[in-house]
Amino acid sequence: MNDTPTDLPTSPRSKYTRWWPALIGLATLIILICIALQFSSLNLRMKGFAEPISPPILALATVIFVLRAWRTGNPLCAVLAGLAFSFTCREIHFDGTDKGIKVALAVLIVWTILWRKRLIAAARDISHSRWVLASALTYALSKLVEKRVFKSGRLEIIPNEEAIHVTLEEGMELVAHLLLLLSTVMGAWKIRSSQDKIPSPPGESDSK
């Protein structure tokens, strides 16, 4: 599913345009604002629509990331499998998930720091990492909406934010889940031989 080999030279224009998925989150927010302002009843329906389908989406993403990490030896997919599993548990809303998600994220942050060189190497697969970035940015925007950053008296750039913030938050989060699921199948997907695995960056031994 690679569109271009990541080790080939690219023109200055294509170097930036290939990251276009990073704009999906902002585009989604703008579209949701326009729709929510036209259909006020959507604010009541979006939560009921998004919450039931989020756990299956995230559970499927978890399974595919686990399989992909096993088949390719990609450390980024291993970390993302842990992240998707944490999100799955949070969306199911059983007892302990509020505190559990914080612990899980802390563990993932430490894991990411320890594997930072390997993760940087894995991120060279632009066809995969750009979709991971798109999902991350969409999640970030949804959290800003959830924290009411755009409400009256703060950063007032969303019209009638008081009435539509639930639609925006739930809609953005659902799109972020879908982008995370999409990222599971984008980019290199093959069984790597020992010679074909993503090389460790200079200064890091293979035993790490």
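Residues numbered from 1 in each chain as written. Predicted model: local features only at pLDDT ≥ 70, side-chain atom pairs only at ≥ 80, totals over all residues. Heavy atoms only, no water.

Asker: I tried to follow the pattern of salt bridges on my own but got confused; where do I start?
Answerer: Where charged atoms from two side chains of opposite charge approach closely, those side chains can pair. A full pass over the atoms with the stated rule returns 8 salt bridges. One salt bridge connects Arg 68 with Asp 125, and the closest N-O pair in it is separated by 4.0 Å. With a gap of 57 residues between them, Arg 68 in helix H3 (residues 42–72) and Asp 125 in the loop between helix H6 (116–122) and helix H7 (126–146) connect regions that are remote in the sequence. As far as burial versus exposure is concerned, Arg 68 and Asp 125 are alike and both buried. The salt bridge partner of Glu 91 is Arg 90, with a shortest N-O separation of 2.8 Å. Arg 90 sits in the buried class, given a relative accessible area of 17%. Within this structure, Lys 47, Glu 51 and Glu 170 form a network of salt bridges that share partners. (Salt bridge = Lys/Arg side-chain N within 4 Å of Asp/Glu carboxyl O. Helix = DSSP H or I, 4+ residues; strand = E, 2+ residues; numbered from the N terminus. Buried < 20%, exposed > 50% of the residue type's maximum accessible area, 1.4 Å probe, protein only.)

Asker: Looking at this structure, I do not really get the confidence of the model for the protein. What am I missing?
Answerer: Close inspection of predicted coordinates is inappropriate for parts of the model with low pLDDT. Chain-level pLDDT for the protein is 85 on average; 85% of the residues reach the 70-or-more range. Below a pLDDT of 50 lies the segment residues 193–208, which in the model reaches 20 contacts outside its immediate sequence neighbourhood of four places, other chains included. (pLDDT = per-residue confidence, 0-100. Contact = heavy atoms within 4.5 Å.)

Asker: Teacher, can you tell me more about the packing of aromatic side chains here?
Answerer: Each aromatic ring pair is specified by the distance between its two centres and by the angle formed by the two planes. The tally for this structure, following the rule as stated, stands at 3 aromatic pairs. Note on Phe 87 and Tyr 139: the rings are 5.0 Å apart at their centroids and 50 degrees apart in plane angle, and the pair reads as tilted. Highlighted residues: Phe 87 in helix H4 (residues 75–92) and Tyr 139 in helix H7, separated in sequence by 52 residues. Here Phe 87 and Tyr 139 have matching classes, each one buried. A cation over an aromatic ring shows up here: Arg 90 above the ring of Phe 87, its NZ or CZ 5.1 Å from the ring centre. (Phe/Tyr/Trp six-rings, centres within 6.5 Å; stacked < 30°, edge-to-face > 60°. Lys NZ or Arg CZ within 6 Å of the ring centre and 35° of its normal.)

Asker: How do you make sense of the environment of Arg 68 when you look at a structure like this?
Answerer: Looking at Arg 68, the relative accessible area reads 1%, which means it is buried. Considering only alpha carbons, one finds Arg 68 and Thr 184, 116 residues apart in sequence, at a separation of 7.7 Å. Setting aside chain neighbours within four positions, we find Arg 68 in contact with Gly 73, Cys 77, Asp 125, His 128, Ser 183, Thr 184, Val 185, Met 186, Gly 187, Ala 188 and Trp 189. In this structure the side chain of Arg 68 is engaged in a polar contact, spanning 3.3 Å, whose partner is the backbone oxygen of Ser 183. (Polar contact = N/O pair within 3.5 Å; in protein donor to acceptor, adjacent residues only side chain to side chain.)

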